[in-house]
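# Results of the structural survey
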Amino acid sequence: MARVRNPNSPVEEPVGQSGLSSTSRSRMRGAATPFAQVSDTKPWAVQALAQMTNQAFLRRHLGVARSNDIAFDIADRIAGAMPGVVATVIGRWTVEVETCVADAAELQDFSDSLTEALAAPFDLDGERHQIDFAVGIAAGPPGTLDDVRLAEEAEDALVQSRNESQLVLRDLSRVDPMVDKLTLKRELKGAIDRGELFLQYQPKVHVRRQEIASAEALVRWRHPTRGLILPSDFIPLAETSRDIDRLTLWTIEQVITDQHYLRSDGQEITIFVNISGQLLSNTAFVKRACEMVSDAGVPLGFEITETSVIRDPVSAIANLNIFADHGIAIAIDDYGAGLSSLAYLKQLPARELKIDKMFVLQLTSSNRDPLIVRSTIDLAHALEMEVTAEGVETPAALALLSVMGCDIIQGYLISRPIEIEAFRQFLRDHKDAALVDSARASFRATAFRRLA
């Protein structure tokens, strides 16, 4: 008897009588819990979830009845290609794979074998069809997990795989116990109400005007027992737990409050908030965010990544235009880090393009990165956008970017991210102009023209 997920689970809808034929149900494989198979020679428990992602296409071509049976073809192939595993159909589109391995190296072999088993087209009633998958894998020695946590980690990995369009493998033996993701996910829900979240601001300086052009708001979590938790540890959790909309609305509200403090100091600069790709297709979020910004009457901007647009371009572009119509400045963040697409770039109502810091950090020590940065600056200017370089940490990088025509710089050369009171003092002191002047005076820009 196959195990069927809770219908409220984000991983899979339930498999009911209307979803599977009696013949299909008889083909379900019984699955043993991997902990029952753990031994001295193979002490690691492994659970993988493979879920079809192009089922709508297959349903149109094969019909509902046949498409509902495809999961059994998948389970059959996995079991035939990978001796020793247990493949169980747990939903209309999902197969669970359980086994045990000796160590991390054998876990990687399992991941490679599963990828290979799913890669080739499937023969479905005499026709060859390519099936696309999201795959999440979780594994670790018994001392690091129990069967409930193993299942939760595998499901969480599957959600991440769907969002990132790549296999996600979680080796739980490497997880820092101080950053237990599932525990953090539960605690994050109340962190806003408990006042544990706060914002820091990193200024962005206009190179030619030598003034602060804007700032980026960065969310931080001051946990009562774990200390400071960085966004890289909790933002992905907010996305998978569907708390990202509430977190982002809180951020916008806090930025608006801080903007009023800046306005009382005589400062009027745009502050940018990072927007998750999930929210670009969330109609309720778009409506609420526009209402908040319109009612506040302060200059705000949203930073979005290029990959978040590519994920759902129709909805993303439409909603970005709605933001722009409400006076919200749009910046494209981390440009170059993903699969850059000129087809989408030219459609976006963006005023600013931010070059990913991985190019900027290697700017003066690489032969190729200066060429990429220079061409990106020229492209953005042709599209009537200003260019921001992230990760500017040295006067040499600033000098070279200035020669290339970069408009705005952001990084530790100017300031690290700082809380609102320190940011207000930074603006009062006008340290941006002094730093730019000092860096400019230390290096002759002409020395870098041949590199650009």
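What counts as what
- Residues numbered from 1 in each chain as written.
- Predicted model: local features only at pLDDT ≥ 70, side-chain atom pairs only at ≥ 80, totals over all residues.
- Heavy atoms only, no water.
- Patch = residues over 30% accessible without salt bridge, like charges linked within 9 Å, V, L, I, M, F, W, Y side chains within 5 Å.
- Areas by Shrake-Rupley, 256 points an atom, 1.4 Å probe, with all protein chains shown as cover.
- Salt bridge = Lys/Arg side-chain N within 4 Å of Asp/Glu carboxyl O.
- Lys, Arg positive; Asp, Glu negative; His and termini not counted.
- Charge placed at Lys NZ, Arg CZ, Asp CG, Glu CD.
- Helix = DSSP H or I, 4+ residues; strand = E, 2+ residues; numbered from the N terminus.
- Buried < 20%, exposed > 50% of the residue type's maximum accessible area, 1.4 Å probe, protein only.
- Polar contact = N/O pair within 3.5 Å; in protein donor to acceptor, adjacent residues only side chain to side chain.
- Contact = heavy atoms within 4.5 Å.
- 1 Å grid on protein atoms, 1.4 Å probe; cavity = no way out; pocket = protein on both sides within 12 Å on 5 of 7 lines; lining within 4 Å.
- Points joined across faces, edges and corners; volume = space filled by probe spheres on them.
- Pairing = 2+ DSSP bridges.
- Expected span 1.5 Å × (residues − 1).
- Phe/Tyr/Trp six-rings, centres within 6.5 Å; stacked < 30°, edge-to-face > 60°.
- Lys NZ or Arg CZ within 6 Å of the ring centre and 35° of its normal.

## A word on a negative patch on the surface
- On the surface, a cluster of negative charge is made up of Asp103, Asp109, Asp112 and Glu116.
- Looking at the secondary structure, you find Asp109 in helix α5 (residues 104–119).

## Points about the side chain of Arg66
- Within the secondary structure, Arg66 is located in helix α3 (residues 64–67).
- Look at Arg66 and you get buried, because its relative accessible area is 15%.
- Within the local environment of Arg66, its side chain forms a polar contact with the side chain of Asp73, the two groups lying 3.2 Å apart.
- A polar contact is formed between the side chain of Arg66 and the side chain of Asp125, at a distance of 2.9 Å.
- Not counting the four nearest positions on each side in its chain, Arg66 is found in contact with Asp73, Leu124 and Asp125.

## Quick look at empty space enclosed by the protein
- Within this structure, the stated rule accounts for 3 cavities of 30 Å³ or more.
- In this structure, the second largest cavity spans a volume of roughly 40 Å³.
- Taken together, Leu188, Lys189, Ile192, Leu197, Asp243, Arg246 and Leu247 make up the lining of the second largest cavity.
- Of all elements in the fold, only α7 (181–191) and α9 (244–264) reach the threshold of two or more residues within the lining of the second largest cavity.

## Description of the pairing of strand β14 (residues 352–355)
- The two faces of β14 match: Glu352 and Lys354 on one face and Leu353 and Ile355 on the other face are all buried.
- Bridge count between strand β13 (residues 329–335) and β14: 3 bridges; the pairing is parallel. Looking at the pairing, Ile332 lines up with Leu353 of β14.
- Two strands pair when backbone bridges link them, and β14 and strand β15 (residues 386–389) are joined in this way by 4 bridges, in the parallel orientation. Residue pairing in the sheet places Lys354 in a bridge with Thr388 of β15.

## Remarks on helix α6 (residues 147–164)
- Between its first and last C-alpha, α6 extends 26 Å over 18 residues, near the 26 Å set by a 1.5 Å rise per residue.
- Residues Arg149, Leu150, Ala151, Glu153, Ala154, Glu155, Asp156, Ala157, Leu158, Val159 and Ser161 constitute the buried set of α6.
- Turning to α6, the residues buried within the fold contact β1 (44–52), β6 (133–140), β7 (168–171), α7 and α8 (231–240).

## Some details on the packing of aromatic side chains
- The final tally for this structure, using the stated rule, is 4 aromatic pairs.
- Ring geometry for Trp221 against Phe234: centres 5.7 Å apart, planes inclined by 90 degrees, an arrangement best described as edge-to-face. Highlighted residues: Trp221 in strand β9 (residues 211–223) and Phe234 in helix α8, separated in sequence by 13 residues. For the pair Trp221 and Phe234, a shared accessibility class is recorded, and that class is buried.
- Over the face of the ring belonging to Phe122 we find Arg77, whose NZ or CZ atom lies 3.6 Å from the ring centre.
- The cationic tip of Arg222 hangs over the ring face of Phe198; the distance from NZ or CZ to the ring centre is 4.0 Å.

## Considerations on the environment of Leu114
- Residue placement: Leu114 occurs in helix α5.
- Classification of Leu114 as buried rests on a relative accessible area of 0%.
- Through-space distance from the C-alpha of Leu114 to that of Ala48 is 9.1 Å; in sequence the pair is 66 residues apart.
- Aside from chain neighbours lying at most four places away, what touches Leu114 is Ala48, Ile78, Met82, Val97, Val135 and Ile137.

## Some remarks on the environment of Phe426
- For Phe426, the position within the fold is in helix α17 (residues 420–429).
- Classification of Phe426 by relative accessible area gives buried; the value is 7%.
- Taking the C-alpha atoms as reference points, Phe426 and Pro203, 223 residues apart in sequence, are found 9.1 Å from one another.

## Some thoughts on the pattern of salt bridges
- Tallying each qualifying case throughout the model produces 21 salt bridges.
- A salt bridge links Glu291 to Arg288; the shortest N-O distance between them is 3.5 Å. Here Glu291 and its partner Arg288 are both found in helix α10 (residues 283–296), 3 residues apart, which amounts to about one turn of the helix.
- The class of Glu291 is partly exposed, set by a relative accessible area of 33%.
- A salt bridge links Asp378 to Arg374; the nearest nitrogen and oxygen atoms lie 3.8 Å apart. Here Arg374 and Asp378 lie together in helix α15 (residues 369–382), a separation of 4 residues that amounts to about one turn.
- A relative accessible area of 27% places Arg374 in the partly exposed class.
- Among the ionic contacts, a cluster of salt bridges with common partners joins Lys204, Glu216, Glu303, Glu352, Lys354 and Glu390.

Scope: geometric values only; no functional claims are made or implied.
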